Structures are given as structure tokens and as C-alpha cells.
Amino acid sequence: MKSVAIIIPAYNEAPRIGAVLDVVCSYPREKRIVVVDDGSKDATYEAAKNYDVEKIIRHDRNLGKGAALQTGIDYIKDSPLWLFIDADLINLDHHHLDQLLFPLEEDSRVGMTIGMLVSKSKKNVNLAQKYFSILNGQRGLANFFVKSLPSLAWARFGVEVFLSNIAKMNNVSVVEPILNNVTHYTKEEKYGFIYGFPYRLRMYKECLYAYFNWKKYI
């Protein structure tokens, strides 16, 4: 099996990141794990320090998910395979990581995989995944595709939109494996409705900006 670089962007994920790191750190494959703490105001950095990861990089302030992923790419520089994994996933296991990576290994034409989250516990997340897979953050990437990417640093929450549009523009083959029983915490679950809902609206705004303006950044 090819080695993999795993980048985990995290912002205020101290209560949740451990469950993800338990899985990726024990994944039986040669790997390099980088956590990018994107200006968290909680103990995300301290929580990540409890795990055997190669590097925890801290942004002094919140720069957005795209910048966090770019920081990880710039640190790793080169890897046969890549995984971008969110820090707030529920029920992630090794099989799900395999599902994201195997299509890249089995067919050299595949440049990216997008994991489709399906869980009985959160039908609203399932619907979002079904109709807006372009927004999904669980991605496997071949090195040739990562090497072709312009900087992601501008994109914030629109980074997945940018990645998908770059793949489509360049006729890069994309596979969408179903990740059964995996879901994530909603913004409202993390921060409560008063803070979580405006955060969700900001996320949508950044995604829409990326959707309509991504060509400016290639």
C-alpha cells in the first residue's frame, strides 16, 4: 500500500478531535499526520498533543479551512496519496479511510475521492450530502492532482467547491464512495443555535463566493 499524508484542519474542536485522531493514528498504513489548528480559542492544540502525529501547526488567527489545508500541503510537500479529514467526524473507522484511498490506488486516472456521509442518526446531514456533495470535506487525493492545484489559501469554507471545480475543469476523474454510519456534528450542536446558526450562514456565504468566483484564483 502506498503511504498517505493525512491533513486535519481544526478550529475549536477540542472536545471532538480526539475521536478522529484515535482512528487516523492507528490506521495500519505508512502515514504522515498533520493537524492544523486554525487559530482555535479552545484547547484544540492541547488535545492534539496527546496523539502521535508528525506535526501540529498553529495559525495565530483563524484564516479559514482552505488556508489550513494549504498550510498542511506546504509542510508535507509530497506524498503518493493524500487525505483531507475533518476533525468533527462521528463513527469514522479504518474502513472508511480505505474507501477514500483504494479508488486512487486501483485506477491511476482517479484524482480525487469524495466520501458521502450516510448515517441513520442524522437525516439532515444525509440530505445535504446527497444533494450538495461538492461541499463534502472528506477527500482522498492523488499526488498528481495535489501538485496541479493552485493555492487553496483564499477559499475558507469554499475550499471543497474549489477542489471540485478544479477537478471538473481539468477532466480529473472523481469517485464518490459511500461512508456508511459516518456523520459529523452540526454547527448548532457545537456552538448552540445562537452562535451556530450565524456560523452556518457564514459557511454558506463563503461557499457561494467560491462557487461564483473560483476562476479568479486559478
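Rules and cut-offs
- Residues numbered from 1 in each chain as written.
- Predicted model: local features only at pLDDT ≥ 70, side-chain atom pairs only at ≥ 80, totals over all residues.
- Heavy atoms only, no water.
- Helix = DSSP H or I, 4+ residues; strand = E, 2+ residues; numbered from the N terminus.
- Rg over C-alpha atoms; globule rule 2.2 N^0.38 Å.
- Buried < 20%, exposed > 50% of the residue type's maximum accessible area, 1.4 Å probe, protein only.
- Contact = heavy atoms within 4.5 Å.
- Areas by Shrake-Rupley, 256 points an atom, 1.4 Å probe, with all protein chains shown as cover.
- Lys, Arg positive; Asp, Glu negative; His and termini not counted.
- Charge placed at Lys NZ, Arg CZ, Asp CG, Glu CD.
- Pairing = 2+ DSSP bridges.
- Axes fitted to C-alpha atoms, helices over the stretch in contact; angles between N-to-C directions.
- Core = buried A, V, L, I, M, F, W, Y, C linked by side-chain atoms within 4.5 Å.
- Patch = residues over 30% accessible without salt bridge, like charges linked within 9 Å, V, L, I, M, F, W, Y side chains within 5 Å.
- Salt bridge = Lys/Arg side-chain N within 4 Å of Asp/Glu carboxyl O.

Enquirer: So what exactly am I meant to see when it comes to the overall build of the protein chain here?
Expert: Helix and strand counts for the protein chain come out as eight helices and 11 strands. For 218 residues, the compact-globule formula gives about 17 Å, and the C-alpha radius of gyration of the protein chain, at 16 Å, lands near that figure. Overall, the C-alpha framework of the protein chain stretches about 45 × 40 × 40 Å when taken along its three principal axes. Expressed as a percentage of the 218 residues in the protein chain, the buried residues total 56%. Counting only contacts in the protein chain whose residues sit at least 6 apart along the sequence, the fraction spanning at least 24 positions is 74%. Total accessible area on the protein chain stands at roughly 10500 Å², and carbon and sulfur atoms take up 54% of it. Computed over 28 positive and 24 negative side-chain charges, the inter-centroid distance for the protein chain is 6 Å.

Enquirer: Explain the sheet that holds strand E6 (residues 110–114) here, please?
Expert: Strand pairing within a sheet occurs via backbone hydrogen bonds; the two strands may be parallel or antiparallel. If you walk across this open sheet you meet the seven strands as E3-E2-E1-E4-E8-E6-E9, and the pairing is mixed. Edge positions in the open sheet fall to strand E3 (55–59) and strand E9 (173–175), since each of these has one partner strand only. Averaged over neighbouring strand pairs, the angle between their axes works out to 20° when direction is ignored. With three bridges joining them, E6 and strand E8 (residues 139–142) adopt antiparallel strand pairing. Its bridge partner lying in E8, Met-112 is registered against Leu-141. This element, helix H4 (residues 94–106), spans strand E1 (4–10), strand E4 (81–84), E6, E8 and E9 of the sheet and lies at about 165° to E6.

Enquirer: Just to check I follow, could you spell out the pairing of E8 for this structure?
Expert: Working note: regular strand, side chains alternate between the two faces of the sheet. The alternating pattern of E8 places Arg-139 and Leu-141 and Gly-140 and Ala-142 on opposite faces, both of which are buried. Here E4 pairs with E8 via four bridges, running antiparallel. The partner of Phe-84 across the bridge, within E8, is Arg-139.

Enquirer: Looking at this structure, how should I read the nonpolar core?
Expert: Across soluble globular proteins, nonpolar side chains have a tendency to be buried as a group. Counting residues in hydrophobic clusters, the biggest one holds 33 residues, and the most contacted among them are Trp-82, Phe-84, Leu-141, Phe-145, Leu-152 and Leu-163. Counting only elements with at least two residues in this core, the list comes to E1, strand E2 (31–38), helix H3 (65–76), E4, E6, helix H6 (143–148), helix H7 (159–169) and helix H8 (187–213). Examining the composition of this core, we find that six residues originate from one element, H7, more than from any other. Apart from residues no more than four positions distant in its own chain, Phe-84 is found in contact with Ile-7, Leu-69, Ile-73, Gly-137, Gln-138, Arg-139, Leu-141 and Leu-163. In terms of nonpolar packing, the next biggest core, distinct from the first, is built from 31 residues, Val-24, Ala-48, Leu-83 and Ala-142 among them.

Enquirer: Is there a simple way to think about a nonpolar patch on the surface in this case?
Expert: Judged by side-chain polarity, Phe-193, Phe-197, Leu-201 and Tyr-204 come together as a nonpolar surface patch covering roughly 400 Å² of accessible area. Within the secondary structure, Tyr-204 is located in helix H8. On the basis of relative accessibility, which here comes to 35%, the residue Tyr-204 falls in the partly exposed class.

Enquirer: Is there a simple way to think about the pattern of salt bridges in this case?
Expert: Where charged atoms from two side chains of opposite charge approach closely, those side chains can pair. Throughout the structure, instances matching the rule amount to 11 salt bridges. Residue Arg-16 is joined to Glu-13 by a salt bridge in which the shortest nitrogen-to-oxygen separation is 2.5 Å. Looking at Arg-16, the relative accessible area reads 12%, which means it is buried. One salt bridge in this structure joins Glu-206 and Arg-156, with 3.0 Å as the shortest N-O distance. In this pair, Glu-206 sits in helix H8 while Arg-156 sits in the loop between H6 and H7, placing the two residues 50 residues apart along the sequence. With relative accessibility at 22%, the residue Arg-156 sits in the partly exposed group. Salt bridges here are not isolated pairs; linked through shared partners, they connect Glu-13, Arg-16, Asp-88 and Lys-190.

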